[in-house]
Amino acid sequence: MVKMTSVFGFAFQAVLQELTTSPDRDWVKRVVGSKDSQGSAALNVAAGLAIADFLYLMQQELEATGLSAKDLSLFAPSLKQFIQNPSVQATLGHIFTPNPLEIDPYIFANTWDSLELLSLPDEFNWEEVAKVYLEKGKDIAYGREFVERLGKPENANGLTLDRLKDRVFGQHWYYESWRGIFRAIAAMLEPAAVGEIIDYLIHLDNQGNSMNLFVAADCLGQVSDPTIIQASSRQLLTKLKNLTEKKELDEKIMIRMQAITQIATIWHQDPEIVVWLKAIAESDLYDSIRMAAVDELAKIGKDDPATIKWLKNLTTAESFEITRPSAVRGLANHCSGDRELLMMLINLARSDSYWLVREAAIQEIARVWPGEPETIAILQTSASLDRDSDVRIAALAELARGWPNDPETLLILQKSANADEDADVRIAALAELARGWSAERGTLQVLTDRANRDPDTDVRIAALEELASGWCDRPDTLVCLKNKASSDPDWRVRIAALKILSRGWFDDPDTLNLLRHSINADAVSDVRIASLRSLVLGWFENAETVALLKKRIETDENWDVRIVALQELATGWFEDPDTLEMLKSCATQDDNWAVRLAAAQELAKGWRDVPETLDILKNAATADEDSFVRQAILQQIAKGWFAESNLWDFLRDRALNDPFQRPEDGSLNPRQTALEILLEQYSDRPELLALLRDRSQHDPDEKLRSFAQNQLKELEMNK
C-alpha cells in the first residue's frame, strides 16, 4: 500500500487504500499504460503514488475554497467513483508517456460533471490541479525509470544500488527539485535498499548543508515498515535532533525548524517524539523553534487526549508566552469539533493579557466556527474595545470578510475609521470600507472626511489613495487632491497628493501648475524633489520642464534638490548644450561637496570622451577641499581612464601629496585610495615597491603606514 507519511491530515486515505489494494489490477494498466497483465512492482507503486498525489492535490484545492474537514469527507465517495473512471485513469497515466507536455483539465472537469458527482465549490480550479499533478507526476515517472534500471547490468543503462547512490543521490541530493524523484525511488525500493541509501546520505560530506538529512528523511518516510531498517532510522533521528539544539538565532533557523517538522512527520508514532517535542516547546531554545514544536504537537496529537490537554494548558501558561498563540492555532486547526475548545478560545479572546493570544483566538474562532452565534459577538467586541490596535485590526478584517451583510459590520467599520484612537486601525477600517462598501454613500463621506481632517499624516494619505482608486471619476475627489497637494500642513501628504495627480490626472492643466508651484515655492526640499521627478516622468516633452530643472540647479538652496535636478538633466537632456556647461560649473564651483561630486560623476558617466572631463576630474581629485570628494573621484578616474598613459604618474603623485590629515578630514584617506588603485592596476611595476617602502616609513597617517607595510610584506613574499 502507498504511504502518505509525509502528509498530516490526509482526508482520503481510505479512498487511496481501497483503490490501491483492489484485487482488480486493470486500473494499474490504465494508469501506467502497461500491456503486462501483472506489471512490475515498480509500476504498481508508481500508479499508487500517482493516485495518492492526485487525491492530495484535490484535498488541497478543496481546502483552498474554505471547506472544513467535515465537508471534505463528503467528497470521498465521489472521488472514488471519479478515479475509477477509465478516462480519468488514462489521463492520470499521461505522466508515464514520453515527455508529457500537459494534462488536460477539461477532461477532469467534464468527467466530474457527466458523472453527476457532488458539486464542487465555485472557486475550485481544475487547471491548478492538472498543472501541479503534471509536475509531481513527472517526478514519479522519472523515479520509476531509475528503479526499472536496477539489477539489469546487461543493459547499457543498467544500474546497481551503489551506482544509484553515487550517480543519482550523490550528485543531486542538494537540489530541491529532485526531492520528489528521490521519494518516488524510495517508495519503489525494498526497505533494505532504502536503508543503504539513508546510510549513504547520512555520511555524505555535506559541507554544512543539511539537505542530505532531509532527503534521507524523505526516503525513510516511504518505507512501509521502518522497523526493518531501525538502525538507520535511529541514526538519522539523532542527526536531525542535533540540528535543533542551538539556542540563539542564526542563519540556519529555517533548517532547524525544518528538522523539527521532519522529525514529527516521520516519527510521529513514536511516543518518545511527543515527549521530546514537549520538552522543546518548554525549553529556552529560540522562539521559532519552540513554536514549530507546538505546531507539530498539535498535528500529531490531535487524537491523543493527553496532548490535547497539554496544549490547552499551554494556552494559559504565561511562563511560555511566545508559544501560546501557536497552541491556540494548533488546537483550532486539529480539534475543531471540540465545543469546549470554542468556549476556551472565546474566554482567551476576551480577557487574555497577551495580545497575540487574543488575536490568534479571534482569528481561529472566525475561521473554524463562523456559524456559532458567539462568534460575531466576540468579533464585534474585539473590533471596538480590545486594548491593542493589532487585535482590533484583525477583528475588523474578520468581520469584513465573514459578515459583510450584517448591518453592524458597516457601522463598526465607519466608527473605527472615524474615531479609533490608533491611526493604523483607522487606515485598516478605511481599506475595508473602500473594498467592500464602495457603493455605500457613507463610505465616500468617511474617506473624504479622513483625507481632509484626520490628525494623522498616514491616515490622510491612505484616504487619498482610496479616493483616487475607487472614486476617480468624481469631481470632488479631484478637488480634494488639489487642496491636499497645495495646502496640507504635512509635506508627506503634499507629496502623496502630487504623485496621485501626476499618475491619474496628468491631462488636467492644474496638475502641471501645481507641480510648477511646488518646485518653485514649496518650503520642504523633499516636496520639490518629488515634484521634479514627477514633472520629468510625466512632462518630459514639455519645454518648461528642462527650464525648471536648470533653475533648480542654479538657485535652489538645498543641495539634495540641486543633485536631483543635475541627475535628471544629465539623464534626459544629454544633448542640450547647457547640460555640459552646468555640470562643469557645479563640479568646480558649487559650495556643497555632494553636489560637486555628483556633477563630476555625471561627467565621468556621460562625457568621458570630452577631453576637458578628465582635466576637471584630475583637478577635483587634486584640489577639492573635501577629502571624500578627492577619494571618490580618484576611484572614478581609475574606473573610466585606466588605459591613460600618464595615470601612474598622477596616482603616484596623489599617493605622495594628497593633503589628507586625520581626524579633521574624516576616515577616508585619498593617499591610501591612490595606493590601492596602483596595487590593483600596476602590481608588476618595480617602482611600486619603492613607493610602498616610502609610505610605510614616511606617511604622516599611521593607518596608511600600516597598510603600506602589510602590502609590502605580501608583495615581497610573492616575488
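Below is a summary of the structure that appears in this document. Quick caveat: nothing in here was measured; it's all calculated off a predicted structure.

## A look at the environment of D526
Inference 1: Assignment of secondary structure puts D526 in helix α30 (residues 525-538).
Inference 2: A C-alpha to C-alpha distance of 8.1 Å links D526 and I495, two positions 31 residues apart in sequence.
Inference 3: Those residues in contact with D526 that sit more than four places away from it in its chain are W491 and I495.

## Looking at the side chain of R695
Inference 1: For R695, the location among the structural elements is in helix α39 (residues 687-698).
Inference 2: Looking at R695, the relative accessible area reads 7%, which means it is buried.
Inference 3: Side chain to side chain, R695 and D694 meet in a polar contact 2.6 Å long.
Inference 4: With residues near it in sequence (within four places) discarded, R695 still touches A655, L656, R671, L675, P700, L704, R705 and A708.

## A short note on the nonpolar core
The nonpolar side chains of soluble globular proteins are, as a tendency, buried together.
Inference 1: F12, F54, W126, L164, F169, L236 and L345 are the most contacted members of the largest nonpolar core, which totals 237 residues.
Inference 2: Considering every element that reaches this core, the biggest residue donor is helix α3 (residues 41-64), with eleven residues.

## Looking at the packing of aromatic side chains
Inference 1: Going through the model one piece at a time under the given rule, you end up with 21 aromatic pairs.
Inference 2: The interplanar angle of 20° and the centroid separation of 4.5 Å between the aromatic rings of F169 and F182 together place this pair among those described as stacked. With F169 in helix α9 (residues 161-172) and F182 in helix α10 (residues 179-188), the pair connects residues that are 13 residues apart, well separated along the chain. Accessibility assignment for this pair places F169 and F182 in one class, buried.
Inference 3: Lying over the aromatic face of F650, K618 brings its terminal NZ or CZ to 5.4 Å of the ring centre.
Inference 4: Above the face of the W648 ring, R685 is positioned so that its terminal group lies 4.5 Å from the ring centre.

## Some words on helix α7 (residues 105-114)
Inference 1: Taken together, the buried positions of α7 are P105, F108, A109, T111 and W112. Relative to the axis of α7, the buried residues are bounded by an arc of 170° and lie together on one face. Facing away from the buried side of α7 by more than 90 degrees, the exposed set consists of Y106, N110, D113 and S114.
Inference 2: Contacts from the buried residues of α7 go to α3, α5 (76-83), α6 (86-92) and α8 (126-149).
Inference 3: The N-cap of α7, judged by a side-chain oxygen 3.0 Å from the amide nitrogen of Y106 a few residues on, is D104.
Inference 4: Trailing α7 by a residue or two, E116 shows a phi angle of about 55°, which is positive.

Conventions we followed
- Residues numbered from 1 in each chain as written.
- Predicted model: local features only at pLDDT ≥ 70, side-chain atom pairs only at ≥ 80, totals over all residues.
- Heavy atoms only, no water.
- Helix = DSSP H or I, 4+ residues; strand = E, 2+ residues; numbered from the N terminus.
- Contact = heavy atoms within 4.5 Å.
- Buried < 20%, exposed > 50% of the residue type's maximum accessible area, 1.4 Å probe, protein only.
- Polar contact = N/O pair within 3.5 Å; in protein donor to acceptor, adjacent residues only side chain to side chain.
- Core = buried A, V, L, I, M, F, W, Y, C linked by side-chain atoms within 4.5 Å.
- Phe/Tyr/Trp six-rings, centres within 6.5 Å; stacked < 30°, edge-to-face > 60°.
- Lys NZ or Arg CZ within 6 Å of the ring centre and 35° of its normal.
- Arc of directions from axis to C-beta.

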